[in-house]
Amino acid sequence: MSIIIKNIKQLLQIDNESRLLVKGSDMKHIDLIEDAWLLVQGEKIEDFGSMSDFNENDILKNNPDIDIIDAKGKMLMPAFVDSHTHLVYPASREIEYIDKIKGLSYEEIAKRGGGILNTAKKTQQISEDELFESSLKRLNEIASYGTGAVEIKSGYGLTLESELKMLRVIKKLKAASPLTIKSNFLGAHSIPLEYRGRQSEYVDLVVNEMIPKVAEEDLADFIDVFCDIGFFTVEDTERILKAGQNYGLRAKIHANELDYSGGVQVGVKYNALSVDHLEFVGDEEIKTMLNSETIPTVLPGAAFFLGMKYAPAREMIDAGLPLAMASDFNPGSSPSGNMQLILSMACILYKLLPEEAINSTTLNTAYAMGVSDKLGTITKGKLANLIITKEIPTYEYLPYYYGTNKVDTMIIKGRVVDIKN
Ligand code: NIG
Ligand code: FE
């Protein structure tokens, strides 16, 4: 199966050097070809170039069954990579959102047994099949907005059985969907009510029962902890990350959303692939992340939805760090998995240039989920996860014209996918 896409107005985010991530001032650049073509063969990007060197007859001769797409007036770019989501969940939480409008904080709602614990109760009750069906719908929805790869966390189970149920659903999604999916075990997302006051016993459960079982069934690619005030301490986090390491699970953690929690430092100490949220980051945290392999990941949707302070994204890039931006799609703090909205927020709320925003949501999020050797740029040999946009004047228009879907056609692993919901 081959596809040739011709007359592309701008072919964006080309990388011939196969970089695994881009940092600091390099984030200001994206390479592009005006008036371009691209050839997809099987699941991969085979070749691309300028229309001035395009020989349609040659390509047709070598590929008689090829599909031809005319992208006149349209852009072609790598599909978004969303490296942080909780899109497996049983029910929405719009009623709690009203409490937030009335002024209750995220921590106050959590303390009353709302928030994550509210979703956990429903996750324990729902059947695996129902959870799978509703999650698959959301997966198809994010694909329609341009996402071609996604990391999905557990963490609404909070019991052994229920965490396994979530992870099995993610495993089934991997098999059912063409999207590239990585799963992250987040048993330490919140402390269940029955463990309040004896938090270390819940950490015992995560370390001694959950992690071995998750590893035995090969259900997770990564391990996560919500390391923050009112949730898990640095000591808890160390125990969990150490145990995960013993089973080959690399850390990708929630850190510094609610306070200077020490989460960034402990993440870097355990060579986390990413530390995520980062509203409370100062010079010390920035220094810790420089010269590490850990990529800072900002989640604009959560800060926007909760009305929190914004992470110092600009400062992190200006200090020379790489930066990723993901959706945090979840029912409590970010009920949207639309990465086009994240692209706009990157520019509007965090003062990233459009080029920095594109790097943050494609190549750098691919790094943050360990797939940047296969995804995140237009590079020969990478997987053909591609967005063909609607007719738009410039690529800068993508973050500028916010709130509408600019995706016309999605190609995932070399196939055009149906993006109607
Ligand atoms: O990433 N910060 C912790 N966890 C989620 C929120 C999940 C929820 O409220 O359901 C987050 O924002
Ligand atoms: Fe999250």
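None of the values given here were measured: they were computed from a predicted structure. (Residues numbered from 1 in each chain as written. Chains lettered and ligands numbered in written order. Predicted model: local features only at pLDDT ≥ 70, side-chain atom pairs only at ≥ 80, totals over all residues. Heavy atoms only, no water.)

### Points about the coordination of the iron ion (ligand 2)
Stated precisely, the cut-off is as follows: Coordination partners: N, O, S within 2.8 Å of the metal, 3.2 Å for Na, K and Ca; water not considered, so apparent gaps in a site are possible. Put simply, DSSP marks the helices as runs of H or I at least four residues long and the strands as runs of E at least two long, and each gets a number from the N terminus on. For each residue, the accessible area found with a 1.4 Å probe, counting protein chains only, is set against the maximum for its type, and the residue is called buried under 20%, exposed over 50%, and partly exposed in between.
The coordination sphere of the iron ion (ligand 2) contains the protein donors H84 (NE2), H86 (NE2), H254 (NE2) and D328 (OD), at a distance range of 2.1 to 2.3 Å. Between the donor residues of the iron ion (ligand 2), the gaps in sequence give the motif H-x1-H-x167-H-x73-D. Here the residue H86 occupies a position in the loop between β6 (80–85) and α2 (94–101), and D328 occupies one in the loop between β13 (324–325) and α13 (339–348), the gap between them amounting to 242 residues. The class for H86 is buried, based on a relative accessible area of 2%. Judged by its relative accessible area of 1%, D328 is buried.

### Concerning the site of ligand 1
Operational definition: One heavy atom suffices: a residue is near a molecule or strand as soon as one of its heavy atoms comes within 4 Å of it. A 3.5 Å cut-off defines polar contacts: any pair of N or O atoms within that distance qualifies, except that in protein one atom must be a possible hydrogen donor and the other a possible acceptor, and neighbouring residues in sequence count only when both atoms are side-chain atoms. Per-residue accessibility takes into account occlusion by the displayed protein chains alone, with areas from the Shrake-Rupley method and a 1.4 Å probe. Here the nonpolar group is Ala, Val, Leu, Ile, Met, Phe, Trp, Tyr, Cys and Pro; Asp, Glu, Lys and Arg are the charged ones; every other residue, Gly included, is treated as polar.
Taken together, the neighbourhood of ligand 1 is formed by 15 residues, with Y156, H189, E257, D328 and S333 sitting nearest. Measuring from an oxygen atom of ligand 1, one finds a side-chain N or O atom of H86 at 3.3 Å. Within the contact set of ligand 1, an oxygen atom lies 2.6 Å away from a side-chain nitrogen or oxygen of Y156. Notes on ligand 1: free accessible area 330 Å², of which the protein chains cover 100%. Partitioning the shell around ligand 1 into residue classes produces 4 nonpolar, 8 polar and 3 charged.

### Description of the domain arrangement of the chain
We count it as follows: Boundaries of every domain are those given by an automatic assignment or by a domain database. Buried area is calculated as the accessible area (1.4 Å probe) missing from two parts once they are joined, with the contributions of both summed. Salt bridges are identified by distance alone: a Lys or Arg side-chain nitrogen within 4 Å of an Asp or Glu carboxyl oxygen.
Once the domains are mapped, the chain shows domain 1 (2–78 + 378–417) and domain 2 (80–368). The straight-line distance from the C-alpha centre of domain 1 to that of domain 2 is 30 Å. Of the roughly 2,700 Å² buried between domain 1 and domain 2 on both sides combined, carbon and sulfur atoms contribute 65%. Counting the surface domain 1 buries against domain 2, the share from its top three residues, M27, K28 and P399, is 22%. On inspection of domain 1 and its partner domain 2, the count reaches 0 salt bridges. For the pair domain 1 and domain 2, the number of links is 14 residue pairs in polar contact (both at pLDDT 80 or more). Those elements that provide at least two residues to the side of domain 1 that touches domain 2 are β5 (74–78), α16 (397–400) and β15 (407–412).

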